[in-house]
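Summary of the model geometry
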Amino acid sequence: MKIKCEICGVELIRGNPDNCYGTSKGRNHISPHHLFPKRFKKFFSENEIVKNFGVNNFEEKANLCFDCHEEMIHNIVLTKEIIEKLRIRMKNKDIKGRIETFYKIFKRGLNAN
């Protein structure tokens, strides 16, 4: 069965025997991304993760290509205007509140179209 990047649809390659991940030769190797980052589990209970983010399986991953995962998602483009708007929305919130707020902003933006 062919696996495709869940964002852009490019056909993905299993494994990385030539250690070429991240090179032009390895751009289409599977780059799994946890739907709920494991590092955030220290801020949220399992019930909060299900309720606030809709993630039921904490091990579930999306199969992405290198470009979508490492280049696009991990290197989000921001402008000074966006940062200022985020600053206003994030002011006086702890990291847990900022994670929830950013998720809601992103989700709302996707649902706007």
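Before reading on, note that the structure itself is shown above.
Residues numbered from 1 in each chain as written. Predicted model: local features only at pLDDT ≥ 70, side-chain atom pairs only at ≥ 80, totals over all residues. Heavy atoms only, no water.

Re the overall build of the protein chain
Helices and strands together make up the secondary structure of the protein chain, namely four helices and two strands. When its helices and strands are written in sequence order, the protein chain yields β-α-β-α-α-α. Taken over 113 residues, the protein chain has a buried fraction of 21%. Here the contacts in the protein chain between residues at least 6 apart in sequence split such that 57% fall between residues at least 24 apart. With the model as given, the accessible surface of the protein chain reaches about 8500 Å², and the carbon-plus-sulfur share is 53%. (Helix = DSSP H or I, 4+ residues; strand = E, 2+ residues; numbered from the N terminus. Buried < 20%, exposed > 50% of the residue type's maximum accessible area, 1.4 Å probe, protein only. Contact = heavy atoms within 4.5 Å. Areas by Shrake-Rupley, 256 points an atom, 1.4 Å probe, with all protein chains shown as cover.)

Here's the deal with the packing of aromatic side chains
Counting across every chain of the model gives six aromatic pairs. A ring pair is formed by Phe-44 and Phe-53, whose centres lie 5.2 Å apart and whose planes are at 90 degrees; its orientation type is edge-to-face. Between Phe-53 and Tyr-103, the ring centres sit 4.9 Å apart and the planes meet at 70 degrees, which makes this aromatic pair edge-to-face. Note that Phe-53 is positioned in helix H1 (residues 46–53) and Tyr-103 in helix H4 (residues 95–111), a separation of 50 residues in sequence. Pairwise contacts between aromatic rings join Phe-36, Phe-40, Phe-43, Phe-44, Phe-53 and Tyr-103 into one cluster. (Phe/Tyr/Trp six-rings, centres within 6.5 Å; stacked < 30°, edge-to-face > 60°.)

Structural notes on the packing of H1 against H4
Contact geometry for H1 and H4: axes closest at 11 Å, N-to-C directions at 25 degrees. With respect to H4, the axis of H1 lies roughly parallel. At the point where H1 passes H4, the crossing takes the right-handed sense. On H4, the residues that touch Glu-48, Asn-52 and Phe-53 of H1 are Lys-96, Ile-99, Glu-100 and Tyr-103. Per-class residue counts for the contact of H1 with H4 are three nonpolar, one polar and three charged. (Axes fitted to C-alpha atoms, helices over the stretch in contact; angles between N-to-C directions. Parallel < 35°, antiparallel > 145°, perpendicular 65-115°, else oblique. Left-handed = near helix turned anticlockwise from the far one by under 90°. Nonpolar A, V, L, I, M, F, W, Y, C, P; charged D, E, K, R; others polar.)

Quick notes on the packing of helix H3 (residues 80–90) against H4
H4 packs onto H3 with a crossing angle of 130 degrees between their chain directions and a minimal axis gap of 10 Å. Overall, the two elements H3 and H4 adopt an arrangement that is oblique. Here H3 runs over H4; the crossing is right-handed. On the side of H3, the interface is formed by Leu-86, Arg-89 and Met-90, while H4 contributes Arg-98, Thr-101, Phe-102, Ile-105 and Arg-108. The residue inventory of the contact of H3 with H4, partitioned by class, reads four nonpolar, one polar and three charged.

Some details on unusual backbone geometry
Unlike most non-glycine residues, Asn-92 shows phi in positive territory, near 65 degrees. For Asn-92, the location among the structural elements is in the loop between H3 and H4. For Asn-92, a relative accessible area of 76% gives the class exposed.

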